[in-house]
Amino acid sequence: MKIKKVLLSLLFLLFLVVFLLMLLVIFTAKKQSPEGAAAWISLDLLVLLILINIVMELSGKIKNTKFKNTIGFGTALILICISASSFVKAGNKQKIAIDNQTDYIEEQFFVQDIDELYQGSYYPVDFINTLTATKSYVKAINSLPADHDFVINVRKNIITGAKPFEKQKPYLFEKVKSFVFTDFYGEISCVDDNNVKYIKVSDSYDFDSVLCKFVVDTIFYEYSDTIQTYNSKIEIGHKTYSFISNISSFTAKNIPNLYIKDERNVFAARFTEDLLVLYYMNLTPDFSGRIESDSTPIAINLVKSEIVDVEIPVEENSLQVEIAEPKTFQPVASPKTEPKTDGIKAPEVKPAEQKPEVKTEEKPSVNQPVVTEMPKEPVLENTNPPVEEEHPEEEVEQEWEIIDFGAEDLD
């Protein structure tokens, strides 16, 4: 009798440990399917039933062992069937998740098998065209319209997408039904329900590595021998940098081609001919982002694949000159030079404008018969000081006096 109790006690301790471990599995399992959770809960209840049975045996409160064994056996059989069925379903869902390289797929996002040819990562046509034309990831990412997703990942049974700098989310099956996939002479594309076209750029689903390789290969396609990419790393000038995809909080003096970082610093990289100039980016005062500093940049010769001593590229300085010139430019010399070059045309244009001034200011002393002959002589003198008003009056008075004297001599 004592040996039986000792054995029951040991079994109780063993099943108690198993029960606690299974509880730990249930509460710490990540992203498990509902079927998997049901299977573990059923097994946990089965172990709990065994524990209760052992406790009742040790206490001796229930003496009708036949009834106790019947109830216990029936309950255990039901729990075993539930857990076995749930484990089979969970295994199928786990296989689907592994095939799609993702977590458990809920039914509203589940898509029937998509052809392997169309599986991979897609980017919008607008992004690809802008990146190719400007060789700037910053300009390309900022050129996307609000209704465009930045990336679409097509897997066997699920399609996910994301806006710039956001986490990818699965598309509902109702949305995916309207997607159109085409293969046009090797260019695989997808048109979504908003009639936005995306081009397949890789068979992989890894966001960072695919984006890094595509951006670097597009910008530096002429230097594929000296610039290498692996995962989301870039090897430039015998040094490794990390590609930065989220640039929402970065501010540079001039738009760079891309942002990269090493173990200590973040850089705004600008590509000029065979030089890649790296400008240091410092933290903002509130630590919310990065801003370009005035520290001496690093210049890398992409042909030689080495750091060189070079001045800041002319493109950077030319922007400052263009801004400074309008502030110091004063168009003072133009009025002085115009009368010399346009002196022939002056009698044809200017007198018409000055005739009303002569008539209104000198009406009391003007003799009408000679008014038409007078503007010929003062035209050149009046065009030099257009602002002053006193000199024209004095000059007109002197001219009329000369004419009056001439009239007396004729008499």
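Residues numbered from 1 in each chain as written. Predicted model: local features only at pLDDT ≥ 70, side-chain atom pairs only at ≥ 80, totals over all residues. Heavy atoms only, no water.

A. Expanded view of the nonpolar core. Counting residues in each nonpolar core, the largest one holds 46 residues, and the members touching the most others are F127, Y137, F220, I234, L278 and L302. Among the elements that take part in this core, helix α7 (residues 207-219) stands out by supplying seven residues, more than any other. With sequence-adjacent residues up to four places away left out, L278 is seen in contact with Y241, I260, F267, A268, A269, P297, I298 and I300. One finds V111, I114, V176 and Y198 within the second-largest nonpolar core, a separate group that totals 15 residues. (Core = buried A, V, L, I, M, F, W, Y, C linked by side-chain atoms within 4.5 Å. Buried < 20%, exposed > 50% of the residue type's maximum accessible area, 1.4 Å probe, protein only. Helix = DSSP H or I, 4+ residues; strand = E, 2+ residues; numbered from the N terminus. Contact = heavy atoms within 4.5 Å.)

B. Up close: the pairing of strand β7 (residues 197-202). Bridge count for strand β1 (residues 120-124) against β7 is four bridges, and the pairing is antiparallel. Each bridged residue has a counterpart across the sheet, and for Y122 the counterpart in β7 is K200. For strand β6 (residues 187-191) and β7, the ladder comprises three bridges, and the chain directions are antiparallel. When the bridges of β7 are listed, V191 appears paired with K197. (Pairing = 2+ DSSP bridges.)

C. A look at the side chain of H148. Considering the arrangement of structural elements, one finds H148 in the loop between α5 (137-142) and β2 (151-154). A distance of 3.2 Å separates the side chain of H148 from the side chain of D126, its partner in a polar contact. Every residue in contact with H148, bar those within four places of it in the chain, is listed here: P124, D126, K163, P164, V196 and Y198. (Polar contact = N/O pair within 3.5 Å; in protein donor to acceptor, adjacent residues only side chain to side chain.)

D. Looking closely at the environment of F179. Turning to its location among the elements, F179 is positioned in the loop between α6 (173-176) and β5 (180-184). With 14 residues separating them along the chain, F179 and D193 place their C-alpha atoms 5.9 Å apart. When sequence neighbours within four positions are dropped, the list of residues in contact with F179 reads I159, Y171, C190, V191, D192 and D193.

E. Focus on the environment of Y171. Relative to the helices and strands, Y171 resides in the loop between β4 (169-170) and α6. We classify Y171 as buried; its relative accessible area is 8%. Taking C-alpha positions, Y171 is 9.6 Å from V111, a pair spaced 60 residues apart along the chain. Apart from the residues within four sequence positions on either side, Y171 is in contact with F109, D149, I152, I159, T160, G161, V176 and F179. Side-chain polar atoms of Y171 contact the side chain of D149, separated by 2.3 Å.

F. Region of interest: the confidence of the model for the chain. Residues with a pLDDT of 70 or more make up 72% of the chain, whose mean pLDDT is 76. The low-confidence segment residues 314-411, where pLDDT is below 50, has 34 contacts with residues more than four positions distant or belonging to other chains. (pLDDT = per-residue confidence, 0-100.)

G. Just the packing of aromatic side chains, in detail. Scanning the entire structure with this criterion turns up 17 aromatic pairs. Seen in terms of ring centroids, Y118 and F181 are 5.5 Å apart; in terms of plane orientation they differ by 35°. Their pairing is tilted. Here the residue Y118 occupies a position in the loop between α3 (65-99) and β1, and F181 occupies one in strand β5, the gap between them amounting to 63 residues. With a centroid separation of 5.6 Å and an interplanar angle of 65°, the aromatic rings of Y171 and F179 are classed as edge-to-face. Each member of the pair Y171 and F179 is classed as buried. An aromatic cluster of three or more residues is present, and its members are Y123, F127, Y137, F150, F207, F214 and F243. Against the face of Y205 rests R155, its NZ or CZ located 4.6 Å from the ring centre. The positively charged end of R270 is found above the aromatic ring belonging to Y279, 4.4 Å away from the centroid. (Phe/Tyr/Trp six-rings, centres within 6.5 Å; stacked < 30°, edge-to-face > 60°. Lys NZ or Arg CZ within 6 Å of the ring centre and 35° of its normal.)

H. Expanded view of a nonpolar patch on the surface. Together, I3, V6, L7, L10 and L13 give the surface a local cluster of nonpolar side chains, amounting to about 510 Å² of exposed area. Checked against the element boundaries, L10 lands in helix α1 (residues 2-28). (Patch = residues over 30% accessible without salt bridge, like charges linked within 9 Å, V, L, I, M, F, W, Y side chains within 5 Å. Areas by Shrake-Rupley, 256 points an atom, 1.4 Å probe, with all protein chains shown as cover. Salt bridge = Lys/Arg side-chain N within 4 Å of Asp/Glu carboxyl O.)

I. Region of interest: the environment of V266. Here V266 lies in strand β13 (residues 266-272). The class for V266 is buried, based on a relative accessible area of 7%. With 24 residues separating them in the primary sequence, V266 and S242 have C-alpha atoms 9.3 Å apart. Among residues more than four places away in sequence, those in contact with V266 are I244, F250, I260, K261, Y279, Y280, M281 and R290.

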